[in-house]
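One letter stands for each residue in the lines below.
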Amino acid sequence: MTLRLATWNINSVRLRIDQVARFVAERAPDVLMLQEIKCTTDQFPRGAFEDMGMPHLRVAGQKGWHGVAIASRLPLEDSDTFQVCKLGHARCVSARVSGIDVQNFYIPAGGDVPDRALNPKFDHKMDFYEQLTAIVAKQDKSRPLVIAGDFNIAPGEGDVWNHRYMSKIVSHTPIEVETLNRLQETGGFADVLRDRFPEPQKLASWWSYRAADFRKSNRGLRLDHIWTSPGLTPAVVKDTARIHDDVREWERPSDHAPVTVDLDV
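Definitions and cut-offs
- Residues numbered from 1 in each chain as written.
- Predicted model: local features only at pLDDT ≥ 70, side-chain atom pairs only at ≥ 80, totals over all residues.
- Heavy atoms only, no water.
- UniProt positions renumbered as here; feature names shortened; annotations may be inferred.
- Helix = DSSP H or I, 4+ residues; strand = E, 2+ residues; numbered from the N terminus.
- Rg over C-alpha atoms; globule rule 2.2 N^0.38 Å.
- Buried < 20%, exposed > 50% of the residue type's maximum accessible area, 1.4 Å probe, protein only.
- Phe/Tyr/Trp six-rings, centres within 6.5 Å; stacked < 30°, edge-to-face > 60°.
- Lys NZ or Arg CZ within 6 Å of the ring centre and 35° of its normal.
- Pairing = 2+ DSSP bridges.
- Contact = heavy atoms within 4.5 Å.
- Axes fitted to C-alpha atoms, helices over the stretch in contact; angles between N-to-C directions.
- Parallel < 35°, antiparallel > 145°, perpendicular 65-115°, else oblique.
- Left-handed = near helix turned anticlockwise from the far one by under 90°.
- Nonpolar A, V, L, I, M, F, W, Y, C, P; charged D, E, K, R; others polar.

As annotated in an unreviewed UniProt entry, the protein carries the name Exodeoxyribonuclease III and comes from Brevundimonas fontaquae. UniProt, in the comment section headed Sequence similarities (unreviewed entry), describes the protein in these words: "Belongs to the DNA repair enzymes AP/ExoA family." Word for word, the UniProt comment on the protein under Cofactor (unreviewed entry) is "Mg(2+)".

What follows is the structure, encoded as structure tokens:
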């Protein structure tokens with residue numbers, strides 16, 4: 001069986017429920033990981049997901065900002081969520097589907113100043129990664145595991161529109177890149193998008209709303225990721241990982257585009 005996983009920072013699931021329904025109908029994900037749902041758990045539009053044929057849900061909502069969810073065509077089992085947010089935000093939700101442990105993250109953006117002493121938001125981001133790396137270090141690498149979501153770091157030179165400029169901007173600073181690489185190396189994770197599209201090819205999954213035409217300005221960042229553990233990477237179907245950047249052109253879009261990959265399970 002082929003299982004299609006998708007991750008998408010939806011930037012308000014209630015505001016963009018029609019876009020979600022269109023994406024599900026056109027791209028047929030089996031499991032959809034959403035970030036920044038911007039609603040409490042009881043406000044999540046469960047009925048709409050049932051209508052889409054994705055009735056199996058795990059939701060961690062929060063008033064105002066944050067919030068994450070997993071929607072699935074297939075039954076979901078409980079999984080131990082990697083709770084690493086020291087502020088208690090709803091930034092991770094997990095489930096087991098078809099024997100695969102799925103951990104869906106909305107990692108803090110980190111504010112504007114890349115200095116832990118001067119910027120509590122940046123310290124929070126770095127602490128989040130440190131706690132997550134410590135948990136990953138304890139995992140059995142042979143276990144089928146996906147960690148995915150909005151990581152709020154664009155690691156490679158091809159993941160930003162201008163490496164030299166962005167190296168001074170939170171999301172691509174050297175300390176962030178090193179921190180993300182450390183997490184990846186600790187878990188032995190495969191970055192499914194970069195495995196398909198090696199550097200120096202440019203990739204982006206986020207574009208600012210400030211640009212009237214995001215393609216013309218072309219100042220994108222690859223902030224959205226799907227990683228697979230050594231025990232799962234052999235199941236990745238060749239040449240299926242992709243960024244659905246055309247979704248960013250839809251009416252009232254999220255500033256993020258969905259990312260998908262197929263697994264042979």
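Don't stop here, the text continues.
Colleague: Is there a simple way to think about the overall build of the protein in this case?
Modeller: If you tally the helices and strands in the protein, you get seven helices and 11 strands. For the protein, the C-alpha radius of gyration of 17 Å lies close to 18 Å, the compact-globule estimate for 265 residues. With the C-alpha coordinates of the protein rotated into their principal frame, the extents come out at 45 × 45 × 40 Å. Among the 265 residues that make up the protein, the fraction classed as buried is 56%.

Colleague: How should I be thinking about the packing of aromatic side chains in this particular structure?
Modeller: Two measures describe an aromatic ring pair: the distance that separates the ring centres and the angle between the ring planes. Tallied over the full model, the rule gives seven aromatic pairs. Each ring, one from Phe 151 and one from Trp 227, has its centre 5.2 Å from the other, and the planes form 85°; the classification is edge-to-face. With a gap of 76 residues between them, Phe 151 in the loop between strand S7 (145–150) and helix H4 (163–166) and Trp 227 in strand S9 (residues 224–228) connect regions that are remote in the sequence. Each of the two residues, Phe 151 as well as Trp 227, counts as buried. Through a chain of ring-to-ring contacts, three or more aromatic side chains come together here, namely Phe 151, Phe 189 and Trp 227. Seen from the ring of Trp 250, Arg 22 lies directly overhead, with NZ or CZ sitting 3.9 Å from the centre. For Arg 248, the ring lying beneath its charged end belongs to Phe 214, and the centroid distance is 5.1 Å.

Colleague: Hey, could you run me through the environment of Arg 46 in this one?
Modeller: By the element assignment, Arg 46 lies in helix H2 (residues 46–51). C-alpha separation for the pair Arg 46 and Val 59, spaced 13 residues apart in sequence, amounts to 9.7 Å.

Colleague: In this structure, what is going on with the sheet that holds strand S11 (residues 259–264)? I would like to understand it.
Modeller: Backbone-to-backbone hydrogen bonds join strands into a sheet, with any given pair of strands oriented parallel or antiparallel. What the six strands build is an open sheet, ordered S3-S4-S2-S1-S11-S10; its pairing is mixed. Taken across any chain shown, the strands that pair with only one partner, and hence form the sheet edges, are strand S3 (56–60) and strand S10 (242–243). Note that S3 and strand S4 (residues 68–72) share five bridges and pair antiparallel. In the strand pairing of S4, Ala 60 is matched with Val 68. Packed onto the sheet, helix H1 (residues 17–27) meets strand S1 (2–9), strand S2 (31–35), S10 and S11 and runs at close to 155° relative to S1.

Colleague: What exactly am I supposed to notice about the packing of helix H3 (residues 120–136) against helix H5 (residues 174–187) here?
Modeller: When two helices pack together, you describe them by how their axes are tilted relative to each other and by the distance separating the axes. As a packed pair, H3 and H5 sit with axes 9 Å apart at the nearest point and diverge in direction by 15°. As the angle between them shows, H3 and H5 are arranged roughly parallel. Both H3 and H5 take part in a crossing whose hand is left-handed. Together, Phe 122, Lys 125, Met 126, Tyr 129, Leu 132, Thr 133 and Val 136 of H3 and Ile 175, Glu 176, Thr 179, Leu 180, Arg 182, Leu 183, Thr 186 and Gly 187 of H5 make up the contact between the two elements. In the contact of H3 with H5, the residues fall into eight nonpolar, four polar and three charged.

Colleague: What is the right way to read the pairing of S9 from this model?
Modeller: Side-chain direction in a regular strand flips from residue to residue, so the side chains alternate between the two faces of the sheet. The buried fraction of S9 is high, at five of five residues. Alternating residues of S9 divide into Asp 224, Ile 226 and Thr 228 and His 225 and Trp 227, and every residue in both groups is buried. Inspection of the sheet shows S7 paired to S9 by five bridges, in the antiparallel sense. Bridge pairing links Asp 150 to Asp 224 in S9.

Colleague: Looking at this structure, I do not really get unusual backbone geometry. What am I missing?
Modeller: With the exception of glycine, the majority of residues adopt a negative phi angle, and the majority of peptide bonds are in the trans configuration. With an omega of 10°, the peptide bond running from Glu 199 to Pro 200 counts as cis. Backbone geometry places Glu 36, a non-glycine residue, at a positive phi of 55°. By the element assignment, Glu 36 lies in the loop between S2 and H2. Although it is not a glycine, His 66 adopts a positive phi angle of roughly 65°. Within the secondary structure, His 66 is located in the loop between S3 and S4. Of the residues examined, His 66 reaches a relative accessible area of 14% and is grouped as buried.

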